[in-house]
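Observations on chain architecture
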Amino acid sequence: MKKKRSAGILLAAALVMALVFVWNTDFTAAKEKTNDVIPDNVYIGEVAVGGMTSAEAKEAVEDYVKENKDGDVVLTAGENSVTVKTSDLGLTWGNTQVVDEAVGIGKSGNLIKRYKDKKDLENQNKVYDIVYTVDTQKVTEVLNEQASKLDQKAVNASLTRENGDFVYTDGKQGISVNVDDSVKEIREYFNSGWDGADATIALVADVVEPEGNKESLAKVKDVLGTYHTNFSDSSASRITNIKNAVSKIDGTVLYPGEEFSVYAAIAPLDAENGYELAGAYENGTTVQSYGGGVCQVSTTLYNAVLYSELDVTQRSNHSMMVHYVDPSRDAAIAGTYKDLKFKNSSEAPIYLEGYTNGSDLYFTVYGEETRPQNRKVEYQSETVSQDTPPVQIVAAAAPIGYVATTQSPHVGQSAQLWKIVTVDGVEQSREVVNTSKYASTPKVIAVGNVGNDPNACAAINAAIATQDEATVRAAAAQYAGFGTTPDQAAEQPAADQAPAAAAAAPAETTPAADAAAATDAAAATDAAVAQ
């Protein structure tokens, strides 16, 4: 009996222990579940996160932040501004730790504190502010990309020449966005309680002082170098191009150390910029191209710069000879491939004056003369070698008897330019300034070989094959009567019915400088070089 009672006691004790274990397990699970849920009446920004787990709250707030990432942000710098999206700045939620704080409300501290925190929520909502942050790298990229729109270039003090006198104009300060400090300013703006509305942020900008003043520009009074060329044989369109390009260079002030590019000053060479179609050199032939004639402008300026003894940093000769200067005194323009560039290597500002008078083009460089008066500089062109062009005779779809020169010849030359310095008339130095190679182009004669007599046609073709001009002209005269009838001739292609006007006016270089020529300098061909 005693044994049965002991067994019953043990069984009851085991049952109690099992019930206690199950109760403790359920209580712990319920407690853990409660501990991971945010109490009611808790907000992060405008998002009600009460009743959510930590993961659910983070997802809800992140979705809310994403909706605000397409807002507009106006960035200002002085008088300039640009508008970007908050997403461009890499806007994100910065204080995600508040989720853990929200989960812990009423679950930490002593019994009284926990009770108080819960009672407070019954009477008033708990709101955590959302703190935003931006991506430093993305903000930096945006500021660098928008720099050209935000920065305000300083306007240097300048001169104008009126009635033979210089008139001074004050410069104007500019501003340049300080990228590093502006990144900090943008970060601070979003970190300091941004409410999600469209924003306007004033960037940090540095003042850029203009170059020059009245004292420095007063030094510009002496003629350092001058030169002129004549364009009396130019077409009306070529004259328009010359005057247009000159007007874009006239009045330029260069401070010590500054470099000047003729192409940058006069481009783009198109109708919108005031240029017309005129003769230009392209791969050994004369074509019509916008800006034909501007090379006479760069050439005239080049010679004025030479006499001023400024540093020429880039100069190219034409592919073929031009008529308005001696060999090696020219400076071709063909886009950025052929450009005239020079630096103000003096210690004072210089002023470029360009104008036309009648059929003459003038350039004068003004500055401060520091060279001795008894020292003179002269330039002398020397032809080193010549290449006599051949004659090319080609068949033309025209009646027998037709003979026309469709391309005039250009003599090829190798030349160099000497700089000669004398003091009191005695030569002190002689040096080569540049060397130039001009390609020869053949004389092209088109000969008609269309006729109603096979023997006459064969004779003309045989004469063409000799490539001898006298032979061809004799055969054409002999068989002229064997050509097509007037009615038949009218049906022939109109090509080569009259000599080409290529030789009427020498051409130059325009902006369409061909890439092929750029890769083969030895070919010395300009793609539409606006002679």
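Here the structure is shown first, and the text comes after it.
Residues numbered from 1 in each chain as written. Predicted model: local features only at pLDDT ≥ 70, side-chain atom pairs only at ≥ 80, totals over all residues. Heavy atoms only, no water.

Here's the deal with helix H13 (residues 469-478)
Test applied: Under the scheme applied here, a residue whose accessible area is under 20% of the maximum for its type counts as buried, over 50% as exposed, and between as partly exposed, the area being computed with a 1.4 Å probe on protein chains only. A helix here means a DSSP run of H or I that spans at least four residues, while a strand means a run of E at least two residues long, and both kinds are numbered starting from the N terminus. In this description, one arc is meant: the one made by directions from the helix axis to the C-beta atoms. Counted as a polar contact is a pair of N or O atoms within 3.5 Å, where, for protein atoms, one must be capable of donating a hydrogen and the other of accepting one, and residues adjacent in sequence contribute only when both atoms are in side chains.
All of the buried residues along H13 are Val472, Ala475 and Ala476. One face of H13 carries all of its buried residues, which in axial projection span an arc of 100°. Projecting away from the buried face of H13 at angles above 90 degrees are the exposed residues Ala470, Ala477 and Gln478. For H13, the side-chain oxygen to backbone nitrogen distance between the N-cap and Ala470 is 3.3 Å, and the N-cap itself is Asp468.

Thoughts on the packing of helix H9 (residues 236-249) against helix H11 (residues 294-308)
Note the cut-off: Between N-to-C directions, angles span 0 to 180 degrees; the directions come from axes that are lines fitted to C-alpha atoms, helices contributing only their stretch in contact. The scheme is simple: roughly parallel for angles under 35 degrees, roughly antiparallel for over 145, roughly perpendicular for 65 to 115, oblique for anything else. Each crossing is labelled by how the near helix is turned from the far one, with a counterclockwise turn of less than a right angle marking it left-handed and a clockwise turn marking it right-handed. The criterion used for residue contact is that any of the two residues' heavy atoms lie within 4.5 Å.
At a closest axis distance of 8 Å, the pairing of H9 and H11 adopts a crossing angle of 45°. Regarding the angle of H9 to H11, the classification is oblique. In this structure, the crossing between H9 and H11 has a hand that is right-handed. In this structure, H9 uses Arg238, Asn241, Ile242, Ala245, Val246 and Ile249 to contact H11, whose residues at the interface are Val294, Gln296, Val297 and Leu301.

Here's the deal with the environment of Asp222
Here Asp222 shows up in strand S13 (residues 222-230). The partly exposed category is assigned to Asp222, whose relative accessible area is 22%. On a C-alpha basis, the gap between Asp222 and Glu368 in space is 5.5 Å, while along the polypeptide they are 146 residues apart. Apart from residues no more than four positions distant in its own chain, Asp222 is found in contact with Val365, Tyr366, Gly367, Glu368 and Glu369. Engagement of the side chain of Asp222 in a polar contact is seen with the backbone nitrogen of Glu369, the distance being 2.9 Å.

Observations concerning a negative patch on the surface
Heads up, the rule is: Patch criteria: residues need more than 30% relative accessible area and no salt bridge. Like-charged residues are merged within 9 Å; nonpolar side chains of Val, Leu, Ile, Met, Phe, Trp and Tyr are merged within 5 Å. Under the convention used here, a 1.4 Å probe and the Shrake-Rupley method define accessible areas, while residue burial counts only the protein chains that appear. Basic side-chain nitrogens of Lys or Arg form a salt bridge, by our definition, when they fall within 4 Å of a carboxyl oxygen of Asp or Glu. Counted as positive: Lys and Arg. Counted as negative: Asp and Glu, with His and the chain ends omitted from the count. A single reference atom marks each charge: NZ on Lys, CZ on Arg, CG on Asp, CD on Glu.
Side chains of Asp36, Glu56, Glu59, Glu62, Asp63 and Glu67 sit close together on the surface and give a patch of like negative charge. Among the residues examined, Asp36 registers a relative accessible area of 36% and is labelled partly exposed.

Examining the packing of aromatic side chains
As a reminder, the rule being used: Two aromatic rings from Phe, Tyr or Trp, using only the six-membered ring of Trp, form a pair when their centres are within 6.5 Å; if the ring planes differ by under 30 degrees the pair is stacked, by over 60 it is edge-to-face, and anything between is tilted. Throughout this description, the term charge over a ring refers to an Arg CZ or Lys NZ atom that lies within 6 Å of the ring centre and within 35 degrees of the ring normal.
All chains considered together, the criterion is met by 10 aromatic pairs. With centroids separated by 5.5 Å and ring planes inclined at 45°, the aromatic side chains of Phe260 and Phe342 adopt a geometry described as tilted. Of this pair, Phe260 sits in strand S15 (residues 259-261) while Phe342 sits in strand S19 (residues 341-343); the two residues are 82 residues apart in sequence, bridging distant segments of the chain. By the burial criterion, Phe260 is buried, and Phe342 matches it. Three or more aromatic residues joined by ring pairs form one cluster here, namely Tyr132, Tyr189, Phe190 and Trp194. The ring of Tyr128 has Lys126 lying over it, and the distance from NZ or CZ to the ring centre is 5.1 Å.

Description of the sheet that holds strand S27 (residues 443-450)
Hydrogen bonds between backbone atoms are what pair the strands of a sheet, whose relative direction is either parallel or antiparallel. Our working rule: Strand pairing requires that DSSP identify at least two bridges connecting the strands.
Strand order in the open sheet formed by three strands is S23-S27-S24, with mixed pairing between adjacent strands. Among the strands making up the open sheet, the edge pair consists of strand S23 (391-399) and strand S24 (403-407). Sheet twist, expressed as the mean angle between neighbouring strand axes with direction ignored, is 35°. Pairing geometry for S24 and S27, over four bridges, is antiparallel.

Quick notes on helix H5 (residues 136-145)
Among the residues of H5, those classed as buried are Val139, Val142 and Leu143. Summarising the axial view, the buried residues of H5 lie within an arc of 95°, below the 170-degree limit, and thus occupy one face. In H5, the exposed positions that point more than 90 degrees away from the buried face belong to Gln137 and Glu145. Its side-chain oxygen 2.9 Å from the backbone nitrogen of Gln137, Asp135 forms the N-cap of H5.

Side note on the sheet that holds strand S14 (residues 252-254)
Strand order across the open sheet formed by four strands is S13-S21-S20-S14, with antiparallel pairing between neighbours. Every other strand in the sheet has two partners, leaving S13 and S14 as the edge strands with one partner each. Ignoring which end each strand starts from, the neighbouring axes of this sheet average 20° apart. For S14 and strand S20 (residues 350-357), the ladder comprises three bridges, and the chain directions are antiparallel. Residue pairing in the sheet places Leu254 in a bridge with Ile350 of S20. Each of S14, S20 and strand S21 (360-367) is contacted by H9, which is oriented at about 160° to S20, the strand it contacts most.

With respect to the side chain of Ser414
Inspection of the secondary structure assignment puts Ser414 in strand S25 (residues 412-423). In this view, Ser414 contacts Glu382, Thr383, Val384, Ser385, Ser436 and Lys437; residues no more than four positions away in its chain are not counted.

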